[in-house]
Amino acid sequence: METHNTRRPGEIVFNAALFGFSLFMFWQAYQISGFSALSSAGAFPMAMSAIMVITSAVVLIRSAGLASPGGGFAAFRKEVLPPAVLVFSLFILAYSVTLKSLGFLLASFLFLLFSIWYLERGRIGRTLLLAVVSIVGVYVIFRLVFQVVLPEGIIPERAILAAIGDFFGGSN
Amino acid sequence: MMDALSYLFASWLQPELLALTAVGTFAGIYIGAIPGLSVTMAVSILISFTFGWEVNHALALMNGIFMGGVYGGSRTAILLNIPGAPAAIATALDGYPMAKKGEAGNAIGLSTVMSFFGGFVGIIVLAVAAPVVSEFAILFQPRDYMLLAVMGILLVGSLSGESLAKGVFAGALGMLLGTVGLDPMTAEQRFTFGSVDMMNGISPVALMIGLFGVSEALLQLHNLHLAAVKQKVDKIVPSFSDLKKYLPLSLQTSTIGVIIGALPGTGGDIAALMAYDHAKRVTKDPEVPFGQGAKEGLVGPESANNAAVGGAYIPMLTLGIPGDAVTAVIIGALFIHGLNPGPLLLVEKPDMFWFTVGNLTLANIFMLIFGLTGIKIFTKIIECPKGVLFPLILLLSVVGAYSINNSLSDVWWMLGFGVLGYFMKLYGYQVGPVVLGIILSRLMDDNWRRAIISEQENLPAFFYGMITSPLSAVLFFTILLILLSQTPVWKAIKMHAHPRLGRG
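As the structure is a prediction and not an experimental result, all values here were calculated from the model.

The rules behind each value
- Residues numbered from 1 in each chain as written.
- Chains lettered and ligands numbered in written order.
- Predicted model: local features only at pLDDT ≥ 70, side-chain atom pairs only at ≥ 80, totals over all residues.
- Helix = DSSP H or I, 4+ residues; strand = E, 2+ residues; numbered from the N terminus.
- Rg over C-alpha atoms; globule rule 2.2 N^0.38 Å.
- Buried ≥ 20, exposed ≤ 12 C-beta atoms within 10 Å, placed from the backbone.
- Contact = placed C-beta atoms within 7 Å.
- Nonpolar A, V, L, I, M, F, W, Y, C, P; charged D, E, K, R; others polar.
- UniProt positions renumbered as here; feature names shortened; annotations may be inferred.
- pLDDT = per-residue confidence, 0-100.
- Axes fitted to C-alpha atoms, helices over the stretch in contact; angles between N-to-C directions.
- Parallel < 35°, antiparallel > 145°, perpendicular 65-115°, else oblique.
- Left-handed = near helix turned anticlockwise from the far one by under 90°.
- Expected span 1.5 Å × (residues − 1).
- Bend = angle between axes of the 7 residues up to and from the residue.
- Core = buried A, V, L, I, M, F, W, Y, C linked by C-beta atoms within 7 Å.
- Domains from an automatic or database assignment.

### As for the overall build of chain A
- When you go through chain A residue by residue, the secondary structure sums to seven helices and zero strands.
- The N-to-C order of helical and strand elements in chain A reads α-α-α-α-α-α-α.
- Taking 172 residues into account, the globule formula puts the C-alpha radius of gyration at 16 Å, and chain A, at 25 Å, lies well above it.
- With respect to the three principal axes, the spread of C-alpha positions in chain A is 75 × 50 × 30 Å.
- Burial analysis of chain A (172 residues in total) assigns 30% to the buried set.
- Nonlocal contacts in chain A, meaning residues at least 24 apart in sequence, comprise 63% of its contacts between residues at least 6 apart.

### A few points about the overall build of chain B
- When helices and strands are tallied, chain B shows 24 helices and two strands.
- For chain B, whose C-alpha radius of gyration is 22 Å, the value lies close to the compact-globule estimate of 23 Å for 504 residues.
- Seen along its three principal axes, the alpha-carbon backbone of chain B occupies a region of about 65 × 55 × 55 Å.
- Here chain B holds 504 residues, and the buried ones make up 60% of them.
- Long-range contacts, defined here as pairs at least 24 residues apart, represent 78% of the contacts in chain B between residues at least 6 apart.

### Considerations on the interface of chain A and chain B
- Counting residues at the interface gives 50 residues for chain A and 49 residues for chain B.
- Among the elements of the structure, helix H1 (11–33), helix H2 (43–65), helix H4 (83–102), helix H5 (104–120) and helix H6 (124–145) of chain A are those that each provide at least two residues to the side of chain A that touches chain B.
- Looking at which element gives the most residues to the side of chain A that touches chain B, the answer is H2 of chain A, with ten residues.
- Per-class residue counts for the side of chain A that touches chain B are 34 nonpolar, twelve polar and four charged.

### Side note on the UniProt feature "domain: DUF1468" (unreviewed entry) in chain A
- The feature "domain: DUF1468" (unreviewed entry), as annotated in UniProt, sits at residues 14–151 of chain A in this numbering.
- Taken end to end, residues 14–151 of chain A is 80% helix and 0% strand, and its two terminal C-alpha atoms sit 36 Å from one another.

### Section: the UniProt feature "transmembrane region" (unreviewed entry) in chain A
All names here are of chain A.
- Residues given the UniProt feature "transmembrane region" (unreviewed entry) here are residues 12–30, 42–60, 80–97, 103–120 and 127–146.
- As annotated, residues 12–30 has a helix share of 100% and a strand share of 0%, and its two end C-alpha atoms lie 27 Å apart.
- Counted over residues 42–60, helix gives 95% and strand 0%. Its end C-alpha atoms are 26 Å apart.

### Structural notes on the environment of Thr186 of chain B
- The topology assignment puts Thr186 of chain B in the loop between strand S1 (181–182) and strand S2 (189–190).
- C-alpha of Thr186 of chain B to C-alpha of Gly152 of chain B: the two residues are 34 residues apart in sequence and 27 Å apart in space.

### Comments concerning the confidence of the model for chain B
Residue and element names in this part refer to chain B.
- Looking at chain B, the pLDDT average stands at 85 and 93% of residues meet or exceed 70.
- Every residue in residues 500–504 is under pLDDT 50, and counting partners more than four places away or in other chains gives three contacts.
- Model confidence for the complex is summarised by a pTM of 0.84, with the ipTM given as 0.89.

### Re the packing of helix H5 (residues 55–80) of chain B against helix H7 (residues 104–137) of chain B
All names here are of chain B.
- H7 packs onto H5 with a crossing angle of 160° between their chain directions and a minimal axis gap of 10 Å. For the element pair H5 / H7, the angle class is roughly antiparallel. Regarding H5 and H7, the two cross each other, and that crossing is right-handed. The residues of H7 that touch H5, namely those facing Met67, Tyr71, Ser74, Arg75, Ile78 and Leu79, are Ala104, Ala107, Ile108, Ser111, Ser115 and Gly119.
- Looking at the contact of H5 with H7, its residues break down into seven nonpolar, four polar and one charged.

### Regarding helix H11 (residues 204–220) of chain B
All names here are of chain B.
- With 17 residues, H11 should cover 24 Å at 1.5 Å per step; its first-to-last C-alpha distance of 23 Å lies within 8% of that length.
- Largest kink in H11: about 30°, centred on Gly210.
- Counted residue by residue, H11 has 15 buried out of 17 residues, so it is predominantly covered.

### Observations concerning H1 of chain A
- For H1 of chain A, which comprises 23 residues, the first-to-last C-alpha distance of 34 Å matches the rise-based estimate of 33 Å (1.5 Å per residue) to within 8%.
- For H1 of chain A, the complete set of buried residues consists of Glu11, Phe14, Asn15, Leu18, Phe19, Ser22, Met25, Phe26, Ala29 and Ile32 of chain A.
- In this structure, the buried residues of H1 of chain A make contact with H2 of chain A together with helix H9 (164–179), S2 and helix H20 (408–426) of chain B.
- Positive backbone phi, at 60°, marks Gly34 of chain A, one or two positions downstream of H1 of chain A.

### Quick notes on the confidence of the model for chain A
- Summing up the model confidence of chain A, the mean pLDDT is 85 and the portion of residues at 70 or higher is 95%.
- Here helix H7 (residues 157–171) of chain A stands out as the least confident element of chain A, with mean pLDDT 74; H1 of chain A is the most confident, with 94.

### Digging into the packing of helix H14 (residues 296–319) of chain B against helix H15 (residues 325–336) of chain B
Residue and element names in this part refer to chain B.
- Orientation of H14 relative to H15, taken along the N-to-C sense of each, is 40°, at an axis distance of 10 Å. Accordingly, the angle class assigned to the pair H14 and H15 is oblique. As H14 runs across H15, the sense of the crossing is right-handed. Of the residues in H15, those touching H14 at Ala312, Tyr313 and Met316 are Thr327, Ile330 and Ile331.
- Grouping the amino acids of the contact of H14 with H15 by side-chain chemistry returns five nonpolar, one polar and no charged.

### A closer look at the nonpolar core
- By size, the foremost hydrophobic cluster in this structure holds 208 residues, and its most contacted members are Val43, Met62, Ala149, Val329, Val398 and Val435 of chain B.
- For this core, the leading source of residues is H7 of chain B, giving 16 residues.
- Residue assignment places this core across two domains, with domain 1 (11–79) and domain 2 (83–171) of chain A each supplying three or more.
- When neighbours within four sequence positions are excluded, Val43 of chain B is seen to be in contact with Met62, Ile65, Val326, Val329 and Ile330 of chain B.

### What to know about unusual backbone geometry
All names here are of chain B.
- Notably, Ala187 is not glycine yet its phi reads approximately 60°, a positive angle.
- Within the secondary structure layout, Ala187 lies in the loop between S1 and S2.
- Classification of Ala187 as exposed rests on a count of 9 C-beta atoms within 10 Å.

### Quick look at the environment of Leu102 of chain A
All names here are of chain A.
- Here Leu102 is to be found in helix H4.
- The sequence separation of Leu102 and Val149 amounts to 47 residues, and the corresponding C-alpha distance is 15 Å.
- Ignoring sequence-local partners within four residues, the contact set of Leu102 consists of Ala107, Gly153 and Ile154.

### Quick word on the environment of Pro131 of chain B
Residues and elements named next belong to chain B.
- In this structure, Pro131 sits in helix H7.
- Owing to 16 C-beta atoms within 10 Å, Pro131 belongs among the partly exposed residues under this scheme.
- Sequence separation of Pro131 and Leu317 is 186 residues, and the distance between their C-alpha atoms is 9.6 Å.

Okay, here's the thing in structure tokens:
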């Protein structure tokens, strides 16, 4: 456990956001059934959000008392949101959005290709190989062995699998 | 009795279950060993993939991963001085110095056998104690369950985080998230904001994958390129004289491990640190000073963290209260499979209990076998490029969340919690209490309402009952003690009394 004498960049904003969220949730919890009864549907949520309000206030006040980290927005970008994290978050977002329409195989392939290429900064041939090997591994383990239903999208994988099955079945 | 025996060995005799346990344990060792991969992450992601399975199959895999994972962390702790899992932090203190002296093989061998001993002690205690606890648990009143849940959250929040306030905040947040949706008692809407999607509540699995999978993978992007250190590894199998010499210590620290593991909310990481402390205290004159490669410093924590595995199952199976973060995830899996862990589980489903005991034993044996072999491949695998590993974790997280309900809305929740978890971890909040909170929320809410209704909504009567019933009183004062122990006054007293105990 480390002790910090200076706050981390952006810490006070995050703590303030949590405090604000807690207040909002307390108000929402109050809306459920007010102070009608101790056993009402809203009593437990109100108690929990009250604890959140108190503890987040304590955390916020404490962090306000620490020395400012300095460095401004540049420090925030370096320590809290380095480019790799930001770029990667965008990749995940794009992957989630396209998962259903492109289907698991194509979307995952593109996601792996871009992210491995970005992180490893290697040759495109090696990246391609790693992406293909990974996707085949995941597909075999999860789709074929675990029988997980994955979105099919535009690649007619079932037809391909059936064709492969026919081919081997037919050759016997 | 015969029935119990047949359940006990079910996983030993069915080839499928045997294979799943072996695969789980093997995978667990590597998951535990690779820094950045954790057992909680693996088990959370696997829950959504094992939906359709029979419960025993899913359990066999998860038990194996749990057992292997707790042990696996020690290997990277010894070889690289990077604990692969929190439970191995104490192992690095003396394991890495041993490796630097060229005794890496010896250290790994000793820690493997001691983990096996510890694991075994934990399982025996589980088999003996759980039926007793479960009989005792029938006497528990709603109030006591509520207090136990509070204690669990407080222990997680206070022992591992930066500050108690942050830990309590995280626990309350989890509890609050658990209440989202239709109230199970009155069908009133809670925090649904008029959305039909929200009426079913937030999927705990999406939350777990987000907090343990995505946030951790994103955080690991900060230090992507850690240079691997090569160590000479040979002579794995430890000498008999060493085993004989350290067995008494191993038994003592295993006992510590089981007890800490069985306390709701505390797991292998805390057990290992306490065991290290204990080993230091009882070893009067170590051959090598502690911190410079003392074998006692390796034996203590390694026995304890695996003993904690068996311990952690006790409150989970008998009270429905998870012993640590991993069992919180496993309890989530049991709920999904329609099981309701609690005092009646052992009566209604003794097969499941004995299966778990037998299966954990099997996983423990596999751990010993895999632990003493294959070290050459191991050093290769942990060097696998992180640039491939993290995209794969994220891919599995997204697909895992998607397959909960075959819908994208769980993916959005999962990603949202991933981002939240990322910032929480960065700013010193623990995510464990959030997961424990969402799992325990229903239990707490129900039992609070039952307790207060049985006292006719009379708060003073409720507190009076709490102090006059012996069980409730013990729990209540334990909670007070936990809270007190976090105040500056208490810390000052403790430092004054035992200056040696104050560790960073």
